[in-house]
Amino acid sequence: MTVNTVVGPPSRFRQGEERGARLGKVLKTVGRVKTVDEDQMALIGTRFMARDEIGAALARAMRSSGDDKVTMAQFNQALAHGVGSVEAPPPALCDFFATVEQVPDWVDFDLINEGAGVYRRSGKTGADVLLQLSLIGGYRFGGPTDLLVATGGLAGDMTLRRLGETQKWGVAVSEHDAMRRDGQGFQLTVHVRLMHAMVNHRFESGDRWDTNTWGLPINQSDQAATLGLFNGVFLLGVRALGMRITSADSLAVMHLWKYVGWLIGVDDDWLFDTEREQHAFNYHVLLAQSDITEAGPQLANGIVDAQELLHFRRF
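Residues take numbers from 1 onward in each chain, read along the sequence in its written order. Given that the model is predicted, a residue must reach a pLDDT of at least 70 before its local features are reported, and side-chain atom pairs must reach 80 or more before they are shown or counted; all residues, however, enter totals for whole chains, interfaces and linings. Side-chain numbers here rest on the full set of heavy atoms in the structure, without hydrogens or water.

(A) How the structure looks around the layout of surface pockets. Any residue with an atom within 4 Å of a point lines the site, the site being either a cavity, points on a 1 Å grid over the protein atoms alone where a 1.4 Å probe fits but cannot get out, or a pocket, an open set with protein on both sides within 12 Å along at least 5 of 7 lines. Grid points are joined across faces, edges and corners, and a volume is the space filled by probe spheres set on the points. The calculated volume of the second largest pocket comes to roughly 160 Å³. In terms of lining residues, the second largest pocket is bounded by 14 residues, among which Arg-51, Ala-56, Ala-197, Asn-200 and Glu-204 are the most central. Classifying every residue of the lining of the second largest pocket gives five nonpolar, four polar and five charged. The residue classification treats Ala, Val, Leu, Ile, Met, Phe, Trp, Tyr, Cys and Pro as nonpolar and Asp, Glu, Lys and Arg as charged. All others, Gly included, are polar.

Okay, here's the thing in structure tokens:
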């Protein structure tokens, strides 16, 4: 569930629309977008101001000094062994795990495993697409890039660490049965949801983030846009580099990331079953963006420079 905390979208909304339309020509074609869906655009603008409320409640409890406080040890215990293994679990912890452990009726774990197999089969081609097209490509717009710079997460020595964490998560969700309750993919994804909520709480509570310009630090629209980089953009990229993707492969990859997106807190109506639906949404997301800021090149250069630090003794 999300809540709009500010009336109207942030000022970034649609600032770079002409540029986004140029960048999104391929998406417009493959998504079969004939005209801009203004209702969808309005929703994207609104959800720049919406957060994951279940995660936000847990983050508040973890920062609390009262009887409702949740500790990181309690969270880790619940994640590894279930909330029932925690002595006198606080309400926010119970509510959070009641949400993520309730598997939606539409989840098909066999299909998720097929999608994971496609991801594994993509090998270095998939890794190149995720790094150079999805990750660096996403740095062409203001907002999330400025948050990354503000957190220091992709600066200096932290660059390789954060890239390694992202790669570890990407590998984890693509293992067989990894998205079942006891799987590493499930557990890392739930952990990422908490980390997002903690970052949101930290920056919403301070004075270092311009909500009127960018929206909430980690908001529904940016989260849904990021999800699209791991499914739709990934599928377009690996095809362009010569990998054969069947219609069944496409549906399986989409289903894998639909469940990942659900676990991470993306609103249900932005979890898509088909690649075409995702491409159409991604096109509208491009139209909603602002122009590039100084943070984009800074992050991109940091990642490119970090590649020179990767040395492998063995072929």
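(B) Just the pattern of salt bridges, in detail. The working definition used for a salt bridge is a side-chain nitrogen of Lys or Arg within 4 Å of a carboxyl oxygen of Asp or Glu. According to the stated counting rule, one finds 15 salt bridges in the structure shown. A salt bridge links Arg-180 to Asp-177; the nearest nitrogen and oxygen atoms lie 3.1 Å apart. For each residue, the accessible area found with a 1.4 Å probe, counting protein chains only, is set against the maximum for its type, and the residue is called buried under 20%, exposed over 50%, and partly exposed in between. What makes Arg-180 partly exposed here is its relative accessible area of 36%. On the accessibility criterion, Asp-177 (31% relative accessible area) is partly exposed. Connected through shared salt-bridge partners, Arg-14, Glu-17 and Glu-38 make up one network.

(C) Up close: helix H10 (residues 184-205). In this model, H10 (22 residues) spans 31 Å end to end at C-alpha, consistent with the 32 Å of a helix rising 1.5 Å per residue. Here H10 has its buried residues at Gly-185, Phe-186, Gln-187, Thr-189, Val-190, Arg-193, Leu-194, Ala-197, Met-198, Asn-200 and Phe-203. The helix and strand labels rest on DSSP assignments: H or I over at least four residues marks a helix, E over at least two residues marks a strand, and numbering proceeds from the N terminus. Under the convention used throughout, the expected extent of a helix is 1.5 Å for every residue step, that is, one less than its residue count.

(D) Quick peek at the packing of helix H5 (residues 72-81) against H10. A fitted line through C-alpha atoms represents every axis, and for helices the fit uses only the stretch in contact; the resulting angles, taken between N-to-C directions, go from 0 to 180 degrees. Put simply, H5 and H10 touch, their axes get as near as 10 Å, and they point 150° apart. Relative to H10, H5 is oriented roughly antiparallel. In the packing of H5 onto H10, the handedness of the crossing is right-handed. Counted together, Met-72, Phe-75, Leu-79 and Ala-80 of H5 and Gln-187, Val-190, His-191, Leu-194 and Met-195 of H10 form the full contact between these two elements. When the residues that make up the contact of H5 with H10 are grouped by side-chain class, the tally is seven nonpolar, two polar and no charged. Oblique is the label for every angle not falling under 35 degrees (roughly parallel), over 145 degrees (roughly antiparallel), or within 65 to 115 degrees (roughly perpendicular). A crossing counts as left-handed when the near helix is turned anticlockwise from the far one by less than a right angle, and as right-handed when that turn is clockwise. Every residue pair with non-hydrogen atoms within 4.5 Å of one another is taken to be in contact.

(E) Seen up close, the side chain of Arg-51. Its place among the elements puts Arg-51 in the loop between helix H3 (38-47) and helix H4 (53-63). Note on Arg-51: relative accessible area 13%, which makes it buried. Within the local environment of Arg-51, its side chain forms a polar contact with the side chain of Glu-53, the two groups lying 2.8 Å apart. Within the structure, the side chain of Arg-51 is placed 2.6 Å from the side chain of Glu-204, a separation counted as a polar contact. Two N or O atoms count as a polar contact when they lie within 3.5 Å, although within protein this holds only if one can serve as hydrogen donor and the other as acceptor, and sequence-adjacent residues are included solely when both atoms are side-chain atoms.

(F) Expanded view of the nonpolar core. What is meant by a nonpolar core is a set of buried Ala, Val, Leu, Ile, Met, Phe, Trp, Tyr and Cys residues, joined one to another through side-chain atoms within 4.5 Å. By size, the foremost hydrophobic cluster in this structure holds 65 residues, and its most contacted members are Leu-58, Phe-75, Leu-93, Phe-97, Val-190, Trp-257 and Tyr-259. At nine residues, helix H14 (residues 247-264) tops the list of elements feeding residues into this core. Setting aside its immediate chain neighbours within four residues, Phe-75 contacts Leu-58, Met-62, Leu-93, Phe-96, Phe-97, Val-190, His-191 and Leu-194. Tyr-139, Leu-148, Leu-163 and Ala-300 belong to the second largest nonpolar core, which has six residues in total.

(G) Representation of the packing of aromatic side chains within the structure. Any pair of Phe, Tyr and Trp rings, taking the six-membered ring for Trp, is counted once the centres come within 6.5 Å. Such a pair is stacked with planes under 30 degrees apart, edge-to-face with planes over 60 apart, and tilted for the rest. The tally for this structure, following the rule as stated, stands at 14 aromatic pairs. Both rings, one in Phe-13 and one in Phe-48, keep their centres 6.3 Å apart while their planes meet at 70°; by these two values the pair is edge-to-face. Of this pair, Phe-13 sits in the segment before helix H1 (17-23) while Phe-48 is found in the loop between H3 and H4, placing the two residues 35 residues apart along the sequence. One exposure class covers both Phe-13 and Phe-48, and it is buried. Geometrically, the ring pair formed by Trp-169 and Phe-230 is edge-to-face, given 5.4 Å between the ring centres and 80° between the ring planes. Here Trp-169 is found in helix H9 (residues 158-173), whereas its partner Phe-230 is found in helix H12 (residues 220-230), with 61 residues between them in sequence. For the pair formed by Trp-169 and Phe-230, the shared burial category is buried. The rule is short: NZ of Lys or CZ of Arg within 6 Å of the ring centre and within 35 degrees of the ring normal puts a charge over the ring. Over the ring of Trp-270 we find Arg-47; its NZ or CZ atom is 4.5 Å from the centre of that ring. Geometry around Trp-106 places Lys-258 over its ring, the cationic atom sitting 4.3 Å from the centre.

(H) Focus on unusual backbone geometry. Phi at Ala-88 takes a positive value of approximately 50°, unusual for a residue other than glycine. Tracing the sequence through the fold places Ala-88 in the loop between H5 and helix H6 (91-100). In this model, Asp-177 sits at a positive phi of 60°, which is unusual for a non-glycine residue. On the secondary structure map, Asp-177 appears in the loop between H9 and H10.

Shape descriptors only; they carry no functional weight alone.
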